[in-house]
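For reference, the chains in residue letters:
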Amino acid sequence: MKKKTKIILVCILLGIVVIGGGVWYQVQKVAQEKQELIQKSAKEIDEFYKWNYIGVEKTTTGKLWRNPASGDLQLNYNVYLNSGKKQTLSAEWDSKKNIILVPFKNGEKNKPTIKVPESGQYIPHSSRFLLQPKDIQKLKKQGYSTNIDGKQIKLFLIKEHPQKFEH
């Protein structure tokens, strides 16, 4: 009887170790995925603001958190302007895992200069005048840098996404 009890206890202990190891592995995997998402998003955030606006010094990412109301992941980040001002904003992701960033509007205080004026207006679809991360990658391949001006951005977007500009 003692031998059966020892075998049962050993089996229980092994089961606990296996379950604990599986839980630890999952926790580490989720933490790594979050860290990769923050790193990828930090680059996209920095490029978005430096390519679409004049006067952005740098951006920094903050906390990645889950919105309790919607269940969506959100990332807090700061946009530092050349004037010494700072804006704290929050990004989220769409269903295709593309980051959705907050554009500055014309009426806001403490904002950088907008390269394409239409992107800062309160009109439907004003975001169509903003370069998105995929657009920025295409422009980089064509040899452009953050020094691109508003007219070049507008021409590129009309050429690249004509369906967005059809009325």
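Below or above, wherever it landed, is the structure these notes cover.

Rules behind the numbers
- Along each chain, residues carry numbers from 1 onward, in the same order as the chain's sequence is written.
- Residue-level local features of this predicted model are given only where pLDDT is at least 70; pairs of side-chain atoms are given and counted only at 80 or more, and the full residue set underlies all totals for whole chains, interfaces and linings.
- Each side-chain value is worked out from all heavy atoms of the structure, with water and hydrogens disregarded.
- Any two rings among Phe, Tyr and Trp, with Trp reduced to its six-membered ring, count as a pair given centres within 6.5 Å; such a pair is stacked if its planes are under 30 degrees apart, edge-to-face if over 60, and tilted if neither.
- Using a 1.4 Å probe on the protein chains alone, a residue whose accessible area is under 20% of its type maximum counts as buried, one over 50% counts as exposed, and one in between counts as partly exposed.
- We call a charge positioned above a ring when the Lys NZ or Arg CZ atom is no farther than 6 Å from the ring centre and deviates by at most 35 degrees from the ring normal.
- Two kinds of site are reported from a 1 Å grid over the protein atoms alone, namely cavities, where a 1.4 Å probe fits but cannot get out, and pockets, open sets with protein on both sides within 12 Å along at least five of seven lines, and residues are called lining when an atom falls within 4 Å of a point.
- Grid points are joined across faces, edges and corners, and a volume is the space filled by probe spheres set on the points.
- Amino acids are sorted into nonpolar (Ala, Val, Leu, Ile, Met, Phe, Trp, Tyr, Cys and Pro), charged (Asp, Glu, Lys and Arg) and polar (every other residue, Gly among them).
- Helix and strand definitions here come from DSSP, where helices need a minimum of 4 consecutive H or I residues and strands a minimum of 2 consecutive E residues; each element is numbered from the N-terminal end.
- The charged-residue count follows a simple rule in which Lys and Arg add positive charge and Asp and Glu add negative charge, with His and chain termini not counted at all.
- One side-chain nitrogen of Lys or Arg within 4 Å of one carboxyl oxygen of Asp or Glu is enough to make a salt bridge.
- In this analysis, two residues are considered to be in contact whenever any of their non-hydrogen atoms come within 4.5 Å of each other.
- Throughout, an axis means a line fitted to C-alpha atoms (over the contacting stretch in the case of helices), and angles, computed between N-to-C directions, take values from 0 to 180 degrees.
- Note on terminology: angles under 35 degrees are roughly parallel, angles over 145 are roughly antiparallel, angles of 65 to 115 are roughly perpendicular, and the others are oblique.
- For two strands to be treated as a pair, DSSP must find no fewer than two bridges joining them.

Points about the packing of aromatic side chains
On inspection of all chains with the given rule, the structure shows six aromatic pairs. Their ring planes at 85° and their centres at 4.9 Å tell us that F48 and Y49 sit as a pair that is edge-to-face. On the basis of relative accessibility, which here comes to 0%, the residue Y49 falls in the buried class. Put simply, the rings of F48, Y49, Y53, Y77 and F104 pair up and form one aromatic cluster. In this structure, K58 is placed above the aromatic ring of Y80, and the distance from its NZ or CZ to the ring centre is 5.0 Å.

What to know about the layout of surface pockets
Looking at the largest pocket, its volume works out to about 420 Å³. Along the wall of the largest pocket there are 22 residues; nearest its centre are N98, I99, Q132, P133 and K134. Among the residues forming the lining of the largest pocket, the class breakdown is seven nonpolar, five polar and 10 charged. What lines the second largest pocket is L37, R66, G71, D72, L73, W93, D94 and K97. For the lining of the second largest pocket, the residue count by class is three nonpolar, one polar and four charged.

What to know about the side chain of D135
Structurally, D135 can be placed in helix α2 (residues 133-141). One buried charge, D135, has no salt-bridge partner; the nearest side chain with opposite charge is K138, at 5.1 Å. When neighbours within four sequence positions are excluded, D135 is seen to be in contact with L130, F156, L157, E160 and H161.

Examining the packing of α2 against helix α3 (residues 150-160)
Two packed helices can be described by the angle between their axes and the distance between those axes. Packing of α2 against α3 brings their axes to within 12 Å, and their N-to-C directions diverge by 105°. Comparing their axes, α3 and α2 come out roughly perpendicular. Across the interface between the two elements, D135, K138 and L139 from α2 touch F156, L157 and E160 from α3. Residue composition of the contact of α2 with α3, grouped by class: three nonpolar, no polar and three charged.

Describing the side chain of E47
Here E47 is to be found in helix α1 (residues 2-52). Residues in contact with E47, not counting those within four places in the same chain, are I136, Q137 and K140.

Some details on the sheet that holds strand β2 (residues 56-66)
In space, the four strands of this open sheet follow the order β2-β3-β4-β5, with antiparallel pairing throughout. A single partner strand is all that each edge strand has here, and the edge strands are β2 and β5 (99-100). Two strands pair when backbone bridges link them, and strand β4 (residues 86-93) and β5 are joined in this way by two bridges, in the antiparallel orientation. Bridged to E92 within β5 is I100. Packing against the sheet, α1 makes contact with β2, β3 (73-81), β4 and β5, and its axis sits at approximately 145° to β2.

The values are spatial; any link to function lies outside them.
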